[in-house]
Amino acid sequence: MRYLHLSLIVPCTLRDRGGERLGRALDLIVRLNGDDFPPLSGALAELAERPVFVPASEIELIGPEGMVLRSTRLDLDRFHRNEQEILLRKDVLDRQLINVDGARLVRANEIELALVDNSYRVVGIDVSARAFLRRLLPKRFAHRIESRAVLDWRHLEPFTGHVPTLRLRTPHPKLARLHPAQLADLVEDASGREAEEIISAVHSDLGREADLFQQLDSHHRRQFAETRSDHELGRIVARMGADNAAGFVRELPEKRREAVLASLPDAERESVEGLLGYGAASAGGLMRTDLVTVGEGTRVTDALEAVRSSGAPSEVATWVYLLDGEERLEAAIPLADLLRMAPQLPLVQTVSFTPPAVGTDTGIEELARLMTDFNLTLVPVLDEEKHLLGAVSADDVLESVLPRGWRRRVHVFTAD
Amino acid sequence: MSDARRAKETDAGAREPEIETARPTAARRRRRARIVRLVAPLAILGPGLIAANASNDAGGVAAYASVGARYGYDLLWVIVLITVSLIVVQEMAGRMGVVTGKGFAEVVREHYGVRWTTVVMFSILITNLAIGISEFVGIGAASELLHVPREVTVPLAAILVWTILVRGSYRWAERIFIAMTIPFFAYPIAAVLAHPHWGTVGHAIVKPQLHTSPRYIYLVVAIVGATVMPFMQLYLQSAVAERGVRVEELRRQRLDIVGGVIFANLIAGFIIISTAAALFTHGITNVGSTADVARALEPFAGRFAKELFAVGLLGASLLAAAILPVTTAYVISESFGMEKGVGRHFREAPVFTTTITVLIGTGAIVALIPGLPVITLLVAVQGLNGVFAPITLFFLWRLSRDRELMGEWRSGRLLSAVAGATVIVMTILSLVLLAAMAINPGGL
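Residues numbered from 1 in each chain as written. Chains lettered and ligands numbered in written order. Predicted model: local features only at pLDDT ≥ 70, side-chain atom pairs only at ≥ 80, totals over all residues. Heavy atoms only, no water.

Some thoughts on the overall build of chain A
Now for step 1: Within chain A, the regular secondary structure consists of 18 helices and 21 strands.
Now for step 2: Here the C-alpha radius of gyration of chain A, 29 Å, is well above what a compact globule of 416 residues would show, namely 22 Å.
Now for step 3: Within chain A, the fraction of its 416 residues that count as buried is 53%.
Now for step 4: Within chain A, residue pairs in contact and separated by at least 24 positions form 57% of the contacts whose partners lie at least 6 positions apart.
Now for step 5: Here chain A displays about 18800 Å² of accessible surface, and carbon together with sulfur accounts for 49% of that area. (Helix = DSSP H or I, 4+ residues; strand = E, 2+ residues; numbered from the N terminus. Rg over C-alpha atoms; globule rule 2.2 N^0.38 Å. Buried < 20%, exposed > 50% of the residue type's maximum accessible area, 1.4 Å probe, protein only. Contact = heavy atoms within 4.5 Å. Areas by Shrake-Rupley, 256 points an atom, 1.4 Å probe, with all protein chains shown as cover.)

Here's what the structure looks like:
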């Protein structure tokens, strides 16, 4: 594909068909209409010190010699911004974009256009040092520097919060491809407004927003909690698992906790309040409560059905807990074992070994040791009468014991 | 991927104190909240205070002391004017950090493109390399006052600062270094104990005493350069942006900025007064070594003057030596559009680690050259900074006025006028200095 480099196109001389100089083309305008490669809708030009819009249909040729119009007419409209339209040089070049392929923020050193389907379209950006160098050099030498590594526009999502006519166009459809943890990484790397933009892109999906919040580092989570009302926070917290919800509420300033808790549904509030009573780094504070439990007399097939119909996330549904008549833990059976057994077998008869359980005040280190020694990903938590309260999962323990230096990058001014 | 996934539960107990932001109903609670709001910035060591304090580093102390010894109180008026200027430019940088949430180089890049960004970046790189050298010279000089050879302390300090920055334990180090600058409080006391002629001091503050010698212009440029150092504004903007200060908190942030500048420049003023009283009035007009500068503290500290001065100098120089490479690394990452922050492994943050290493390494190696004329070098670095600073300040001035960028928080007429005047006066002073040096190179 033959690329046209934006920095070599505009600003340039604008000529009519006869080759006469009309003015200067200052910027190119593309329409973000959902196409893979956004088409050129026109150019911003300056004619007799008046900003005018040159529609793409009027442009005969874009090249290194400048921009040539199809006709000699001069009845061009005064420039104004349209919905869905973005100025390449002003709004995209030198700014950050989200590269969905790899979930990184990139800065556009160059924007590449090409003729696709008979129209000029943006096909990608160049973030390499070569592109930076090309723009430093005078045009004569700049031509000689070719683009080697161009990021495909299909994986790129520009920030549009600074564009007046696009401020409300938040969906950023390509972000749907990212995992909440990747979105959280992006939010942590982005600056204020852009971070807000990423978050508002998932705003319509409460579950995703809740996941994103959980994944943020404490500094950013605190920051975004501050900008949201108690009611909004309540809606987000309601979508988290009880363990994460409790962790999140614990981080809030004292006076907001009450208000946020009050806005939760009753059942949710009770379980969160229950967890808040435990220490943050103890089994009680870390445990999750959305377990798969079955009662006495259950057969293997019933237990599998319980897994199927429960809303428990997959990392928790790897164990089925068998309770006796008084809600005391009798046995814990791994899902894989259940799958291998005869369906009609009563569950009680299948148990050969029951892994250890812990109390609510067991510390992180003991939990980590148990998980290592017994190859566990989930450790049940019991009260003094052996009632099953919840279970601590390995990812939460890992998160707490992960050495500080293992994080990928630390922001100097906010590193705690 | 998972950058900081941990943090969730474990650090909930050990978080920073929450600052009063809600609106309590009762009047009494409102009053209490107001007091908390006023005191909070002093308690939390805001970036404004830290940035301003970094200006009283080795180069700053050398420039102020040279001025006091050479011209007595005659240049005090410059300190007053420069305090106003510094408040204005620091406020602009802080406000831009709050409103845009971006670092300075990032904003320059997005508004002026790669060419201007490169110009700004190089001007910052050159000055910061020079200032970096001066910090390690200061560390060496401080340690020699304590009878420890600089061949020992300079490499140690370089390793210490490098480790702190690359291991990401910057924030606690910041607190220790700033605590080490407390001995500089001795300057106001020493100034009072030296019984300066307060009438003359007051007169010098309100009525500029002008001289026409190149040395005078050079020293004016040097103290302006020692006070208005672009790395302070860059640090402030990046720190404020990264901490995510919101526009609702702008008032509190301003308090931190203004308070920090006034505090730091009061110390600077008292350094001039005490050196003037201790040296100038006794006919010692040439400060040749740091021991001479320490002598200004004798009225207060007696025979411990040197030791007291050395600790203060060490703290201020370490503080600046830590802020400087980080700020430079931020500027370079932002200019080229690379990710910011330090990593455990080199490949996770190559630009950051390289910049920090080069700056610290250069500073430490130059500071180890035998027979360096310490004070001359320190003052020369401030002069260099005075020459280059207007480039950064120009963009700060223009951008803070930009309606599109700053919206309703753009600089008003008065602020803009002061900042504009600062840029223009600094530029003219630099040009006059360059001309004077061209005509009569030996005149300094």
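Past the structure itself, the notes keep going.
Side note on the packing of helix 3 (residues 129–136) of chain A against helix 5 (residues 104–145) of chain B
Now for step 1: Running from N to C, helix 3 of chain A and helix 5 of chain B point in directions that differ by 80 degrees, and their axes come no closer than 8 Å. Here helix 3 of chain A is positioned roughly perpendicular relative to helix 5 of chain B, judged by the angle of their axes. Counted together, A:Phe132, A:Arg135 and A:Leu136 of helix 3 of chain A and B:Arg109, B:Gly113, B:Val114, B:Arg115 and B:Thr118 of helix 5 of chain B form the full contact between these two elements.
Now for step 2: When grouped by side-chain class, the residues that make up the contact of helix 3 of chain A with helix 5 of chain B number three nonpolar, two polar and three charged. (Axes fitted to C-alpha atoms, helices over the stretch in contact; angles between N-to-C directions. Parallel < 35°, antiparallel > 145°, perpendicular 65-115°, else oblique. Nonpolar A, V, L, I, M, F, W, Y, C, P; charged D, E, K, R; others polar.)

What to know about the pattern of salt bridges
Now for step 1: Tallying each qualifying case throughout the model produces 31 salt bridges over all chains.
Now for step 2: A:Arg95 serves as the salt-bridge partner of B:Glu110, at 3.2 Å between the closest nitrogen and oxygen. Taken together, the residues B:Glu110 in helix 5 and A:Arg95 in the loop between helix 2 (88–92) and strand 10 (96–99) connect one chain to another.
Now for step 3: A relative accessible area of 10% places B:Glu110 in the buried class. (Salt bridge = Lys/Arg side-chain N within 4 Å of Asp/Glu carboxyl O.)

Quick look at the pairing of strand 2 (residues 12–15) of chain A
Residue and element names in this part refer to chain A.
Now for step 1: As judged from the four bridges shared by strand 2 and strand 3 (residues 21–31), these two strands associate in the antiparallel manner. Of the residues in strand 3, the one forming a bridge with Cys-12 is Ala-25.
Now for step 2: The loop that links strand 2 with its antiparallel partner strand 3 comprises five residues; one of these, Gly-19, has a positive phi angle of about 90 degrees.
Now for step 3: Bridge count between strand 2 and strand 7 (residues 66–69): two bridges; the pairing is parallel. (Pairing = 2+ DSSP bridges.)

Topic: the domain arrangement of chain A
Now for step 1: Domain boundaries in chain A define domain 1 (4–158), domain 2 (170–277) and domain 3 (292–400).
Now for step 2: Once you take the C-alpha centre of each, domain 2 of chain A and domain 3 of chain A turn out to be 28 Å apart. (Domains from an automatic or database assignment.)

Comments concerning helix 5 of chain B
Residue and element names in this part refer to chain B.
Now for step 1: A rise of 1.5 Å per residue sets the reference length of helix 5, with its 42 residues, at 62 Å; its end C-alpha atoms lie only 38 Å apart and thus fall more than 12% short of the reference.
Now for step 2: Largest kink in helix 5: about 135 degrees, centred on Gly-113.
Now for step 3: Most of helix 5 sits inside the fold, with 32 of its 42 residues counted as buried. (Expected span 1.5 Å × (residues − 1). Bend = angle between axes of the 7 residues up to and from the residue.)

Quick look at the sheet that holds strand 14 (residues 150–152) of chain A
By way of backbone hydrogen bonds, the strands of a sheet pair with one another, either parallel or antiparallel.
All names here are of chain A.
Now for step 1: Taken in spatial order, the four strands of this open sheet run 1-12-13-14, and their pairing is antiparallel. Every interior strand has two partners, whereas the edge strands, strand 1 (4–5) and strand 14, have only one.
Now for step 2: Direction of pairing for strand 12 (residues 110–116) relative to strand 13 (residues 119–126): antiparallel, over a ladder of seven bridges. When the sheet's bridge partners are listed, Ile-111 is paired in strand 13 with Ile-125.
Now for step 3: Running over the sheet, helix 3 touches strand 1, strand 12 and strand 13 and is turned about 95 degrees from strand 12.

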